[in-house]
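Listed below, chain by chain, are the residues.
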Amino acid sequence: MTKTKEIESLEEIKQLVDLFYGKVRKDEILADIFNGVIADNWPAHLQKMYRFWQTVLLQEHTYQGSPFAPHAQLPVNAKHFDRWKKLFFETIDENFHGEKAKEAKFRAEKMAEMFQLKISYLQQRV
């Protein structure tokens, strides 16, 4: 069993992001979507995700941008969001504990809800 640790620095953020997206890239539901959109730009995407979660969890403001915009036109629905949350929560539970781990799951849950509602709205308008 892996010993869990607190999310306290950029090092843990990078570990979380790398482990999570390692699962996403192989997942039977999410891999085609993520790999199709990101293609050969995984290093740049991971760097952006490090900055995003560093800003959200550590209050070190290194991310600038609008997180929703790149997701607006993705062909996704509730099934995709459920899998995304499952993999994210699983990654947290396997590797981390503490208040920041709880906050990461809370933030991911709220972000998934918001993205799903907005994407559903946009898809219905087409």
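To start, this report covers the structure provided alongside it. (Residues numbered from 1 in each chain as written. Predicted model: local features only at pLDDT ≥ 70, side-chain atom pairs only at ≥ 80, totals over all residues. Heavy atoms only, no water.)

Each helix and strand in the chain was counted, giving five helices and zero strands. Listed N to C, the secondary structure of the chain is α-α-α-α-α in terms of helices and strands. Principal axes of the C-alpha set define a box for the chain whose edges measure 45 × 30 × 30 Å. Counting only residues that meet the buried cut, the chain has 39% of its 126 residues in that class. Of the accessible surface of the chain, which amounts to about 7700 Å², a share of 53% is contributed by carbon and sulfur atoms. If the 19 positive side-chain charges of the chain are averaged to one point and the 18 negative ones to another, these points end up 4 Å apart. (Helix = DSSP H or I, 4+ residues; strand = E, 2+ residues; numbered from the N terminus. Buried < 20%, exposed > 50% of the residue type's maximum accessible area, 1.4 Å probe, protein only. Areas by Shrake-Rupley, 256 points an atom, 1.4 Å probe, with all protein chains shown as cover. Lys, Arg positive; Asp, Glu negative; His and termini not counted. Charge placed at Lys NZ, Arg CZ, Asp CG, Glu CD.)

Below, the discussion takes up the pattern of salt bridges. In this structure the tally under the stated criterion is 11 salt bridges. A salt bridge links Glu-103 to Lys-100, with the nearest nitrogen and oxygen atoms 3.8 Å apart. One end of the pair, Glu-103, and the other, Lys-100, are both in helix H5 (residues 99-125), three residues apart, so they sit about a helical turn from each other. Lys-100 sits in the partly exposed class, given a relative accessible area of 23%. For Lys-110, the salt bridge identified is with Glu-113, shortest N-O distance 3.7 Å. A residue pair is termed a helical-turn pair when its members lie 3 or 4 positions apart in one helix, as Lys-110 and Glu-113 do in helix H5 at three residues. Overall, Lys-110 belongs to the partly exposed group, its relative accessible area being 41%. Judged by relative accessible area, Glu-113 falls into the partly exposed class, the value being 35%. Counted as one network, the salt bridges with shared partners bring together Lys-23, Lys-86, Glu-90 and Glu-94. (Salt bridge = Lys/Arg side-chain N within 4 Å of Asp/Glu carboxyl O.)

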